[in-house]
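# Structural characterization, general
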Amino acid sequence: MRLLSWLAFLSLAAVSTRGQSVNEVKTIRLLLTLLGAWLAVLLAETHGALPYPVVATGQAKCYDNRGEIPAPKPGQPFYGQDAQFQAHPASYALSAGGLTVHDNVTGLDWQQSPNTDGDGVVTTRDKLTLTQAQAQPAKLNAARFGGFDDWRLPSIKELYSLFDARGTDPSGPMDMDTSSLTPFIDVKFFKFAYGDPSAGERVIDSQWVSSTFYVGKTERGLGKVFGVNFADGRIKGYGVQVPGGGAQKTFFVLCVRGNPSYGKNDFHNNGNGTITDRATGLMWSKADSGRGMNWQDALAWVQQKNAEKFLGHADWRLPSVKELQRIVDYSRSPDNSHSPAIDPDI
């Protein structure tokens, strides 16, 4: 059976991963239950460089339903979670001038900082409206920022490649102290700032904008653009206007250049119940589990399938949140294409 319409739900931007708390387990369990608990993914054998490698989440801890546990072994409950499969770990290099960061995995070059007012410090004053963000690449290109003139606003898939699951979620009571928090982006290479409560913001107001729009219907007919909140780790579709008023929402902006193939899938139906994405190097099962299950049961289901050598393979796994996001087709929605947000061949 084909992948279910829960992927449309994923495209509505409810993806979040929690880095260092039991909330991570609860979130993933809920996600898997909503999604049908379902699909396993196999890293296909590839030769040569991949145009669209999926950067590992960086998750280093394992969990059960109550909290952190030692890494389970094959055959044990909770074996097969994200921390146990970390292909393509993140790797960055800061340019000599400190203006740009090269991603050694994806081949993308990034601005090192979302600072836009030139004072060298990232604050709420650096945030831009969507209209201003769309004009930012032209300004960088005219100035040959970092020595390049092909900067662009990143797609949501490019932007989410920077997500690092080792962050800590500040959601909850309004604690103004961020000294014990870790953002969901590598601050050894990228400048970052939480929201500024003294400016009327919440600590979690660190939304970074992409060039990808939500193509379905929205409340009051106002447009939404996808972004990543590196304060709490979520992808979300953000209204371009502030709720309850006519003011435009503002975002941090980080432009990107290089590897124009990044974010473009190359699916191939193998005719045997599997789909290979030749861009990412991942193989997916065409059929899901056919029934919903919680996270623990989903992990056990994959172990069972490996014991059966499902579709001729014994190294299936549940996908990481990044791997799962890589097969979302943001040009589709139930409203505009009458389909899930996924390639119809899958």
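Above this text is the structure in question.
Let us look at the structure shown here. (Residues numbered from 1 in each chain as written. Predicted model: local features only at pLDDT ≥ 70, side-chain atom pairs only at ≥ 80, totals over all residues. Heavy atoms only, no water.)

### Some thoughts on the layout of surface pockets
In this structure, the largest pocket spans a volume of roughly 450 Å³. Every residue lining the largest pocket is counted, 22 residues in all, and those nearest its centre are G239, Q241, V242, P243 and K249. Of the residues forming the lining of the largest pocket, the biggest block, five residues, is contributed by strand β10 (residues 234-239). Along the lines of polarity and charge, the residues of the lining of the largest pocket split into five nonpolar, seven polar and 10 charged. (1 Å grid on protein atoms, 1.4 Å probe; cavity = no way out; pocket = protein on both sides within 12 Å on 5 of 7 lines; lining within 4 Å. Points joined across faces, edges and corners; volume = space filled by probe spheres on them. Helix = DSSP H or I, 4+ residues; strand = E, 2+ residues; numbered from the N terminus. Nonpolar A, V, L, I, M, F, W, Y, C, P; charged D, E, K, R; others polar.)

### Observations concerning the environment of Y238
By the element assignment, Y238 lies in strand β10. Y238 gets classed as buried once you look at its relative accessible area, which sits at 6%. A C-alpha to C-alpha distance of 8.3 Å links Y238 and K249, two positions 11 residues apart in sequence. (Buried < 20%, exposed > 50% of the residue type's maximum accessible area, 1.4 Å probe, protein only.)

### Overview of the packing of aromatic side chains
Within the structure shown, the criterion is met by 17 aromatic pairs. With a centroid separation of 4.9 Å and 70° between ring planes, the pair formed by F226 and Y330 is classed as edge-to-face. In this pair, F226 sits in strand β9 (residues 224-229) while Y330 sits in the segment after α6 (321-325), placing the two residues 104 residues apart along the sequence. Taken as a pair, F226 and Y330 share a single burial class, namely buried. An aromatic cluster is defined as three or more aromatic residues linked by ring pairs; in this entry it consists of F192, Y194, W208, F230 and F252. Above the ring of F252, the side-chain terminus of K127 is found at 5.1 Å from the ring centroid. (Phe/Tyr/Trp six-rings, centres within 6.5 Å; stacked < 30°, edge-to-face > 60°. Lys NZ or Arg CZ within 6 Å of the ring centre and 35° of its normal.)

### Describing the pairing of strand β14 (residues 274-277)
With burial as the criterion, each face of β14 is covered, one bearing T274 and T276 and the other bearing I275 and D277. Looking at chain direction, strand β13 (residues 267-269) and β14 are connected through three bridges and run antiparallel. Residue H268 lies in a different strand from β14, and its bridge partner there is T276. Counting the residues that bridge the hairpin from β13 to β14 gives four residues, and of these G271 lies at a positive phi of roughly 75°. Bridge count between β14 and strand β15 (residues 282-285): four bridges; the pairing is antiparallel. Opposite T276, over in β15, you have M283 as the bridge partner. Following β14, the chain reverses through four residues before pairing antiparallel with β15; G281 in that reversal takes a positive phi of roughly 80°. (Pairing = 2+ DSSP bridges.)

### Observations concerning unusual backbone geometry
At K309, a position not held by glycine, the phi torsion is positive, near 55°. Along the chain, K309 falls in the loop between α5 (295-307) and α6. Positive phi outside glycine occurs at L311, with the angle close to 55°. Judged by relative accessible area, L311 falls into the partly exposed class, the value being 30%.

### Considerations on the sheet that holds β10
Pairing in this open sheet of three strands is antiparallel, and the strands run β8-β9-β10 from one edge to the other. Strands at the two margins of the open sheet, each flanked by one partner only, are β8 (207-213) and β10. Each strand axis lies, on average, 35° off the axis of its neighbour in the sheet, ignoring direction. (Axes fitted to C-alpha atoms, helices over the stretch in contact; angles between N-to-C directions.)

### Things to note about the pairing of strand β5 (residues 100-103)
The pairing of strand β4 (residues 92-94) with β5 spans three bridges and is antiparallel. Paired with A93 across the strands is H102, a residue of β5. Taking the residues that link successive antiparallel strands as the turn, the β4-β5 hairpin has five residues, and the phi of G98 there is positive, at about 80°. Two elements, β5 and strand β6 (residues 109-111), share three bridges in a ladder whose sense is antiparallel. From the neighbouring strand, H102 faces β6, where its bridge partner is D109. Between β5 and β6, which pair antiparallel one after the other, the connecting turn spans five residues, and G107 there sits at a positive phi close to 80°.

### Focus: α5
Along its 13 residues, α5 runs 19 Å from first to last C-alpha, staying within 8% of the 18 Å computed at 1.5 Å per residue. Buried residues of α5: W295, A298, L299, W301, V302, K305 and N306, and no others. One side of α5 carries all its buried residues, which in axial view fall inside an arc of 155°. Put simply, N294 is the residue that caps the front of α5, since its side-chain oxygen is 3.3 Å from the backbone nitrogen of Q296. Just downstream of α5, K309 is the residue with a positive phi angle, here 55°. (Expected span 1.5 Å × (residues − 1). Arc of directions from axis to C-beta. Polar contact = N/O pair within 3.5 Å; in protein donor to acceptor, adjacent residues only side chain to side chain.)

Function cannot be read off these values alone, since they describe shape.
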